[in-house]
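Now for the letters of each chain:
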Amino acid sequence: MTQITHIAVKEFKDYFISPIAYIVISLFLIVTGWFFFSAFFVFGRADMRDFFGLLPMIFSFVIPAVTMRLFSEEKNVGSYETLLTMPVSFSDIALGKFAAATLFTVAMLIPTLSYPLFISMIGDLDFGPVVGGYIGTLLLAGAYCSIGLFASSLTRNQIIAFIIGTAICFTLTILDKLLFFMPEKIIAVIEYISANFHFTNISKGVIDSRDLIYFLSVIFISILSTSIVMHEKN
Amino acid sequence: MIEVKGLTKYYNDFCAVDHIDLSIPKGEILGLLGPNGAGKTTTLRMLTGYFKPSEGSITVDDLSMPGDTLKIKSRMGYLPESAPLYHNMLVFDYLDYVAKIKGMTSGEDRIKRLKELSELCGLKNIMDRPIATLSKGLKQRVGIAHAMMTDPEILILDEPTSGLDPNQIVEIRDIIRAIGKEKTIIFSTHILSEAEATCDRIVIINKGKIVADDKTASLKQNLQSDAFVKLSVKHAAPESVETLLKDSLDNVDIKPIETQEPDTASFEVRSLENQDIRETIYLKIKDTDWILTELAQESQALERIFQELTREDNPI
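Residues numbered from 1 in each chain as written. Chains lettered and ligands numbered in written order. Predicted model: local features only at pLDDT ≥ 70, side-chain atom pairs only at ≥ 80, totals over all residues. Heavy atoms only, no water.

**Section: the overall build of chain A**
In step 1: When helices and strands are counted, chain A shows 12 helices and 0 strands.
In step 2: Its helices and strands taken in sequence order, chain A reads α-α-α-α-α-α-α-α-α-α-α-α from the N to the C terminus.
In step 3: At 18 Å, chain A has a C-alpha radius of gyration in line with the 17 Å of a compact globule built from 234 residues.
In step 4: Across its three principal axes, chain A shows a C-alpha extent of roughly 55 × 45 × 30 Å.
In step 5: By the burial criterion, 50% of the 234 residues in chain A qualify as buried.
In step 6: Expressed as a percentage of contacts within chain A between residues at least 6 apart in sequence, the contacts between residues at least 24 apart total 76%.
In step 7: Surface exposure of chain A reaches about 10,700 Å², of which carbon and sulfur atoms provide 74%. (Helix = DSSP H or I, 4+ residues; strand = E, 2+ residues; numbered from the N terminus. Rg over C-alpha atoms; globule rule 2.2 N^0.38 Å. Buried < 20%, exposed > 50% of the residue type's maximum accessible area, 1.4 Å probe, protein only. Contact = heavy atoms within 4.5 Å. Areas by Shrake-Rupley, 256 points an atom, 1.4 Å probe, with all protein chains shown as cover.)

**Topic: the overall build of chain B**
In step 1: In terms of regular secondary structure, chain B is built from 11 helices and 14 strands.
In step 2: For a compact globule of 316 residues, the expected C-alpha radius of gyration is about 20 Å, and chain B comes in at 25 Å, more than 25% above that figure.
In step 3: With the C-alpha coordinates aligned to their principal axes, the bounding extent of chain B is approximately 75 × 45 × 30 Å.
In step 4: Within the span of chain B, comprising 316 residues, buried residues form 49% of the whole.
In step 5: For chain B, restricting intrachain contacts to residue pairs at least 6 apart in sequence, the fraction spanning at least 24 positions comes to 70%.
In step 6: The average position of the 39 basic charges and that of the 51 acidic charges among the side chains of chain B differ by 7 Å. (Lys, Arg positive; Asp, Glu negative; His and termini not counted. Charge placed at Lys NZ, Arg CZ, Asp CG, Glu CD.)

**A closer look at the side chain of Thr42 of chain B**
Residues and elements named next belong to chain B.
In step 1: Within the secondary structure, Thr42 is located in helix 1 (residues 40-47).
In step 2: For Thr42, the side chain forms a polar contact with the side chain of Tyr11, separated by 3.2 Å.
In step 3: If we ignore the near neighbours within four places in the chain, the residues touching Thr42 are Lys9, Tyr11, Ala16, Val17 and Phe51. (Polar contact = N/O pair within 3.5 Å; in protein donor to acceptor, adjacent residues only side chain to side chain.)

**A short note on the pairing of strand 13 (residues 264-271) of chain B**
Residue and element names in this part refer to chain B.
In step 1: Counting buried positions along strand 13 gives 7 out of 8 residues, so the element sits mostly inside the fold.
In step 2: In this structure, strand 11 (residues 228-234) lies alongside strand 13, joined through 6 bridges in antiparallel fashion. If you follow Val229 over to strand 13, its bridge partner there is Val269.
In step 3: Two successive antiparallel strands, strand 12 (residues 252-257) and strand 13, enclose a turn made up of 6 residues, where Asp263 displays a positive phi of approximately 60°. (Pairing = 2+ DSSP bridges.)

**A look at the packing of aromatic side chains**
Residue and element names in this part refer to chain A.
In step 1: Following the criterion strictly, the structure yields 27 aromatic pairs over all chains and no others.
In step 2: Taken together, a centroid distance of 5.7 Å and an interplanar angle of 55° make the contact between Phe36 and Phe51 tilted. In this pair, Phe36 sits in helix 2 (residues 20-43) while Phe51 sits in helix 3 (residues 49-67), placing the two residues 15 residues apart along the sequence.
In step 3: Judged by relative accessible area, Phe51 falls into the buried class, the value being 0%. (Phe/Tyr/Trp six-rings, centres within 6.5 Å; stacked < 30°, edge-to-face > 60°.)

**Looking at the sheet that holds strand 10 (residues 209-215) of chain B**
All names here are of chain B.
In step 1: With mixed pairing, the 6 strands of this open sheet are ordered in space as 6-7-8-3-9-10. At either margin of the open sheet sits one strand with a lone partner, and together these are strand 6 (76-79) and strand 10. Taken pair by pair, the neighbouring strands of this sheet meet at an average axis angle of 15°, ignoring direction.
In step 2: Here strand 3 (residues 29-33) pairs with strand 9 (residues 201-206) via 4 bridges, running parallel. (Axes fitted to C-alpha atoms, helices over the stretch in contact; angles between N-to-C directions.)

**Quick word on the sheet that holds strand 4 (residues 55-60) of chain B**
Residues and elements named next belong to chain B.
In step 1: Pairing is antiparallel in the open sheet, where 4 strands are placed in the order 2-1-4-5. Taken across any chain shown, the strands that pair with only one partner, and hence form the sheet edges, are strand 2 (14-24) and strand 5 (63-64).
In step 2: As paired strands, strand 4 and strand 5 are joined by 2 bridges and run antiparallel to one another. Across the sheet, residue Thr59 finds its bridge partner in strand 5, namely Ser64.
In step 3: Of the strands in this sheet, strand 1 (2-11), strand 2 and strand 4 are in contact with helix 1, which crosses strand 1 at around 120°.

**Structural notes on unusual backbone geometry**
All names here are of chain B.
In step 1: Non-glycine residue Asp151 carries a positive phi angle of around 55°.
In step 2: The residue Asp151 is located in the loop between helix 5 (136-147) and strand 7 (154-158) in this model.
In step 3: A positive phi is found at Glu159, a non-glycine position, where the angle reads about 45°.
In step 4: Inspection of the secondary structure assignment puts Glu159 in the loop between strand 7 and helix 6 (166-179).
In step 5: Residue class for Glu159 comes out buried when judged on its relative accessible area of 7%.

**Observations concerning the nonpolar core**
In step 1: In this structure, Met48, Phe59, Tyr144 and Phe215 of chain A together with Tyr94, Leu95 and Val142 of chain B are the most contacted members of the largest nonpolar core, which totals 133 residues.
In step 2: The dominant element in this core, judged by the number of residues it contributes, is helix 8 (residues 127-154) of chain A, at 10 residues.
In step 3: Setting aside chain neighbours within four positions, we find Met48 of chain A in contact with Phe36, Tyr115, Pro116, Ile119, Val130 and Tyr134 of chain A.
In step 4: Of all hydrophobic cores here, the second largest spans 16 residues; its members include Ala236, Leu249, Val252 and Trp290 of chain B. (Core = buried A, V, L, I, M, F, W, Y, C linked by side-chain atoms within 4.5 Å.)

**Regarding the pattern of salt bridges**
In step 1: Within this structure, the stated rule accounts for 26 salt bridges over all chains.
In step 2: Two residues, Glu11 of chain A and Lys97 of chain A, come together in a salt bridge whose shortest N-O distance is 2.8 Å. With Glu11 of chain A in helix 1 (residues 2-17) and Lys97 of chain A in helix 6 (residues 90-109), the pair connects residues that are 86 residues apart, well separated along the chain.
In step 3: With a relative accessible area of 1%, Glu11 of chain A lands in the buried category.
In step 4: Note that Lys100 of chain B is salt-bridged to Asp96 of chain B, the shortest N-O span being 3.7 Å. Taken together, the residues Lys100 of chain B and Asp96 of chain B, both in helix 3 (residues 91-101) and 4 residues apart, mark about one turn of the helix.
In step 5: Classification of Lys100 of chain B by relative accessible area gives partly exposed; the value is 25%.
In step 6: Here the salt bridges share partners, and the residues they tie into one network are Lys10, Glu11, Asp14, Arg69, Glu73, Glu74 and Lys97 of chain A. (Salt bridge = Lys/Arg side-chain N within 4 Å of Asp/Glu carboxyl O.)

**Some thoughts on a nonpolar patch on the surface**
Residue and element names in this part refer to chain A.
In step 1: Judged by side-chain polarity, Phe41, Phe118, Met121 and Ile122 come together as a nonpolar surface patch covering roughly 470 Å² of accessible area.
In step 2: At 3 residues, the largest contribution of residues to the nonpolar patch is made by helix 7 (residues 114-122).
In step 3: Secondary-structure assignment places Phe118 in helix 7.
In step 4: Among the residues examined, Phe118 registers a relative accessible area of 36% and is labelled partly exposed. (Patch = residues over 30% accessible without salt bridge, like charges linked within 9 Å, V, L, I, M, F, W, Y side chains within 5 Å.)

**Side note on the domain arrangement of chain B**
In step 1: By domain assignment, chain B separates into domain 1 (2-222) and domain 2 (225-298).
In step 2: The distance between the C-alpha centroids of domain 1 of chain B and domain 2 of chain B comes to 44 Å. (Domains from an automatic or database assignment.)

**A look at the interface of chain A and chain B**
In step 1: Taken residue by residue, the interface counts 24 residues in chain A and 24 residues in chain B.
In step 2: Carbon and sulfur atoms make up 63% of the area that chain A and chain B hide from each other, which totals about 2,400 Å².
In step 3: Taken together, chain A and chain B are joined by 2 salt bridges.
In step 4: Counting across the chain A and chain B interface gives 6 residue pairs in polar contact (both at pLDDT 80 or more).
In step 5: For the side of chain A that touches chain B, the secondary-structure elements that each account for two or more residues are helix 1, helix 4 (69-77), helix 5 (79-84) and helix 12 (209-232) of chain A. (Buried area = accessible area lost by both parts, 1.4 Å probe.)

Here you go:
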């Protein structure tokens, strides 16, 4: 456990040492801010549904950009060898890096807490869906971070890691929008696989165990796959 | 005590390391010698648990891989080739992080150890510099400090002196010899004189196989017949020196060698009976009015073994 913390802290600090953190956070805030508030005053509704609706799509591009360096950079520089020959288990490394990326996403989301504060000042905001929305966002961020981590463990090239991560996250996001084209028999299955579907459920403010289990299993499977890849690649 | 049996590594079809057996007692400095691409790095990577062997077993005392890999890793310090480190960290932060990962939880212990290491590896003035700005030799020293962090029983160093300038090479060698007094050290190199100068035992590998494995001293001794005396004499005609040598010594092979110095004749004299002939030569030349400028016993034993064992066309 302590080693997971040490790795997580180190990786988290790394984001802020290099300019990546500031670029990604600014980009994220500009994009969400613009898309959310440009339509906000047109509809004149005091809720954050549109904001949370944007997140799966934006996350499927932003999070792989955050996670792509986790393993790829180390493999490229060679420090992966230094890391793996220290007395740490593969799963501790994977969990530490996962925690760092998720923590970074949380740091990225903190400025957006000003949105509900601001909205509650100008209108009557129902905080239930907002809290649900942030819980859902956390789970979604965790799931996408674990997928991005897995993508990063596959290759020493950060761009390839980014593309693989985006491809998986994007697919999980749009899957439930494609149901129209699917044969009727498998609709339920496809819908269950889609991350967007579960995220929408939670962000309505309804916390259902099925949705929780979905996100936790995505995280579990991705981290497990990551440590399997680490084992097999040597 | 490290026991390696039948260690083999395949990269797809290519066999990088082919059934290596090694037994390394505690406190030995072992030099792994071989040309580039012989399988040195692969062997070391398997010893450190970074690579999984295709076949074979590695045991350290009563621990064996893969079951106790973590425990074995905590007994080892490893310096990979060209010391790959985190470039954006400061030297101090990096070493502190390594100490934490290696299980030094108390802050006081870490500071104390970091002070010791900065002293030993000469890092005092660079603790606050980003690793990316360090020269290769300094990075190498940070890498050695990393490897020695928990004062491990076994140190594995992969080409610790490659790419360093002669002063740095001497410094790193001194560090190795200083630690080697109580630790087991395995290090790889392709520089022969380095192995000769620092190791108790030399293992030469070529194309993934061990081709020689012996104490440094006995490896040299076995080929003592290869020794010759190098002799330079001033103010003498080469023919008369040769005649004198032939008259005073039995069973020698005399070969003139070229020299840059004016008015000097140089020879390689090889005793076919494996005797030290320096004394006789000196006494003879003392009686003349020549000036003896050089008289030295030389041996190219290791170079020769190395070249013969690792020649491209050598059938093994």
